[in-house]
Amino acid sequence: MDIIVAENIRKKFKLKNGQKVKNNGVVSDEVEALSGFNLKIRKGEFLVLVGPSGSGKSVFLDLVSGLSAPTGGVIYLDGKPVQAPSAKTGYVFQQYALFPWRTALSNVECGLEAKGVPKDERVRIARELLSLFGLSDFEDRFPYQLSGGMQQRVSIARALATKPEVLLMDEPFAALDAQTREILQNELIRIWEGTDTTVIFVTHSIDEAVFLADRVAVVTARPGRIKELIEIDLPRPRTGEIRSSTEFARNRHKVWLALKSEVSKAEQYTKLATGFAG
Amino acid sequence: MFQSRGGKDKSMNISNQIKGWFASLTIPFVLLVLWQVIVSLGYVPAIILPSPEKVFSTFMTNITQNDLLRHVAASLERVILGFIIGALGGFSLGLLMGLSRTAEKIFGPTFHVIRQVPVIGWIPLIVMMFQIAEIPQIIVISLAAFFPMTLNTLAGVRNVRKEYLELAAVNGFKGLKLIRRVIVPAALPSIVTGTTLSLGMSWAVMMAAEFFIDTSYGIGTRIQAGRSSFNMALVLVGIFTVGLIGYGLTITIEALGRAVNNGRDVHKEI
Ligand SMILES: Nc1ncnc2c1ncn2[C@@H]1O[C@H](COP(=O)(O)OP(=O)(O)OP(=O)(O)O)[C@@H](O)[C@H]1O
Ligand SMILES: [Mg+2]
């Protein structure tokens, strides 16, 4: 069953006066971020989006979350068009993922607070989630007092608190060092495997994509659309050891091949744009 | 810039504080010595510049015999009442204009024209409209508090990062909850600055208001009395009192501001 259906999505941004951009070689004052973007996401799956920088992955997540509306096409969530942010979706941003004036606990409570859940109940749920991420001792800390990895754990806990059907994650681990990143991937997959939440996860790391995903969706260079959907045939539950298996390497290679040509295309565009091409 | 994550070292703090007090007393001490020297050498007639000793004794007799404390209390009461009215009004208008472009279009131009007139400029008009001395005093003081509060609240609300508004939206904050739980906390540093400036302005304008509007009690009234009886020592007592109490108010409101901001350090982006 598909929980999210994106049908023929287009998203354009009007540029400021005097700014120009090339869309498929045509000069325009509108950026075409997505065009002909079709994607069906199965209920409960872990879908990872990879694609060149500027290919519209973040724009797509914003559309799914209801933060912005498509220029054309419709995104269905549970059969209904997405129109505004709702409690059905949780969103983990890469930056500004927490309110700096709230403690870790109070940040996790946010979504519940907005829903009007009573204080006791809120605190109970938030404590449970923090302990799931091993952060029980840090509940009274403000974000700036936490390491980057802890901050991201808190923001994932925050997004999970309202038990969303869909969890959107935009490069949540991109700013972390390699070790912390692997630890968080392991934690995320352990916690997710115990839920029936659907996840859409954006990353630039092929390893991260293969380790986490049921399917990897490769997005083309701008204007973005789905180029290829790759099934990751690694067994679950997954643990860290799987990273060194030959199966992992085979899946990794599949994704790499699909991504390679798009990344070099995107590079060419930028070179043309900055005037390096002969 | 290095920022320590934990609390500061307590023992360092205390010795630094003592050093700080000494440092802050250097200039007053130098000025006092200079004053004494000028008076002792007889450069300036005593009627223009009385000796520090004379000013001090005037201060003591004013406290014991001339109700100085009552004058101070009258001024403080006016300032606090005017400040609360003006700051609340300024906060409300600033918030309203910050949240709604329509409200800014409606109120903005009038507000900006009115604030070009120095607060003291309104005194004749207000005095003519309200006969009882206390009311125009308070109106003038609340006007002084109103403008900085409005401007800083407006700026704070306008400058709330788009990212925090998006985070609020995906968390489901709407309406009043959005304002109370996200917009006001995000704008808090600017609101605290506005509050501090407002109180400072209220205190300063109080003195002018008391010069122009007759009242029986008030520290400004006292200075005025000193001037008309050519009692320079009394004038100086008034000036020192205004300066010191104003400083006390500033320190208090700044400490309150820090307490409100404590920990929730909005300046530290993450
Ligand atoms: N508000 C906006 N105004 C104008 N152009 C925009 C806006 N938001 C996004 N874009 C453009 O849309 C395109 C897609 O942006 P998006 O942020 O989705 O890329 P991305 O795939 O997430 O890239 P990255 O991997 O670097 O995060 C980019 O070319 C970007 O410049
Ligand atoms: Mg992005």
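For clarity, every value in this text was computed on a predicted model and none was experimentally measured.

**Some details on the overall build of chain A**
Right, so step 1: From N to C terminus, chain A includes seven helices and 12 strands.
Right, so step 2: In summary, chain A has a C-alpha radius of gyration of 19 Å against a globular reference of 19 Å for 278 residues, a match within 12%.
Right, so step 3: C-alpha extents for chain A along the principal axes are approximately 60 × 50 × 40 Å.
Right, so step 4: A burial count over chain A gives 53% of its 278 residues as buried.

**Some points on the side chain of T197 of chain A**
Right, so step 1: Positionally, T197 of chain A belongs in the loop between α5 (178–193) and β10 (198–202).
Right, so step 2: Overall, T197 of chain A belongs to the buried group, its relative accessible area being 7%.

**Examining the side chain of R122 of chain A**
Residue and element names in this part refer to chain A.
Right, so step 1: Within the secondary structure, R122 is located in helix α3 (residues 119–132).
Right, so step 2: Taking relative accessible area as the criterion, R122 reaches 12% and is therefore assigned buried.
Right, so step 3: Among all residues touching R122, those that are not within four sequence positions of it are E109, L112, E113 and V117.

**What about the site of ligand 1?**
Residues and elements named next belong to chain A.
Right, so step 1: Around ligand 1, the structure places 14 residues, and the nearest of them are S53, G54, K57, S58 and H204.
Right, so step 2: Contact distances for ligand 1 include 2.5 Å between an oxygen atom and a side-chain N or O atom of S53.
Right, so step 3: In this structure, E171 approaches ligand 1 through a side-chain N or O atom, which is 3.3 Å from an oxygen atom.
Right, so step 4: Starting from 630 Å² of accessible surface for ligand 1 in isolation, the protein chains cover 64%.
Right, so step 5: Broken down by secondary-structure element, the contributors of at least two residues to the shell around ligand 1 are β4 (30–42) and α1 (57–65).
Right, so step 6: The element contributing the most residues to the shell around ligand 1 is α1, with three residues.
Right, so step 7: Residue composition of the shell around ligand 1, by class: five nonpolar, six polar and three charged.

**Brief notes about the environment of E247 of chain A**
Right, so step 1: With respect to the helices and strands, the residue E247 of chain A is situated in helix α7 (residues 246–274).
Right, so step 2: Taking the C-alpha atoms as reference points, E247 of chain A and E139 of chain A, separated by 108 residues in sequence, lie 40 Å from one another.

**Here's the deal with the nonpolar core**
All names here are of chain A.
Right, so step 1: Membership of the largest hydrophobic core comes to 73 residues, with the highest contact counts inside it found for L49, F60 and I200.
Right, so step 2: In this view, I200 contacts I4, I41, L47, L49, F60, L61, V64, V166, L167, L168 and M169; residues no more than four positions away in its chain are not counted.
Right, so step 3: Residues L176, I189, V199 and A213 belong to the second largest nonpolar core, which totals 52 residues.

**Focus on the domain arrangement of chain B**
All names here are of chain B.
Right, so step 1: Under the domain assignment, chain B is made up of domain 1 (1–44) and domain 2 (50–269).
Right, so step 2: The interface of domain 1 with domain 2 comprises five residues on the first partner and seven residues on the second.
Right, so step 3: With both chains or domains summed, domain 1 and domain 2 bury close to 450 Å², and 78% of this area falls on carbon and sulfur atoms.
Right, so step 4: There are zero salt bridges connecting domain 1 and domain 2.

**Concerning helix α2 (residues 52–64) of chain B**
Residues and elements named next belong to chain B.
Right, so step 1: An ideal rise of 1.5 Å per residue puts 18 Å on 13 residues; α2 measures up with 19 Å between its terminal C-alpha atoms.
Right, so step 2: Along α2, the residues classified as buried are P52, V55, T58 and N62. For α2, the angular spread of buried residues about the axis comes to 125 degrees, placing them on one side. Turned more than 90 degrees away from the buried face of α2, the exposed residues are E53, F56 and T64.

**With respect to the interface of chain B and chain A**
Right, so step 1: Chain B puts 25 residues into the contact, and the matching count from chain A is 25 residues.
Right, so step 2: Interface of chain B and chain A: buried area, both sides summed, is about 2,500 Å²; carbon and sulfur atoms make up 65% of it.
Right, so step 3: Run the count over chain B and chain A and you get one salt bridge.
Right, so step 4: Residue E113 of chain A is joined to R181 of chain B by a salt bridge in which the shortest nitrogen-to-oxygen separation is 2.3 Å.

What counts and what doesn't
Residues numbered from 1 in each chain as written. Chains lettered and ligands numbered in written order. Predicted model: local features only at pLDDT ≥ 70, side-chain atom pairs only at ≥ 80, totals over all residues. Heavy atoms only, no water. Helix = DSSP H or I, 4+ residues; strand = E, 2+ residues; numbered from the N terminus. Rg over C-alpha atoms; globule rule 2.2 N^0.38 Å. Buried < 20%, exposed > 50% of the residue type's maximum accessible area, 1.4 Å probe, protein only. Contact = heavy atoms within 4.5 Å. Near = heavy atom within 4 Å. Polar contact = N/O pair within 3.5 Å; in protein donor to acceptor, adjacent residues only side chain to side chain. Areas by Shrake-Rupley, 256 points an atom, 1.4 Å probe, with all protein chains shown as cover. Nonpolar A, V, L, I, M, F, W, Y, C, P; charged D, E, K, R; others polar. Core = buried A, V, L, I, M, F, W, Y, C linked by side-chain atoms within 4.5 Å. Domains from an automatic or database assignment. Buried area = accessible area lost by both parts, 1.4 Å probe. Salt bridge = Lys/Arg side-chain N within 4 Å of Asp/Glu carboxyl O. Expected span 1.5 Å × (residues − 1). Arc of directions from axis to C-beta.

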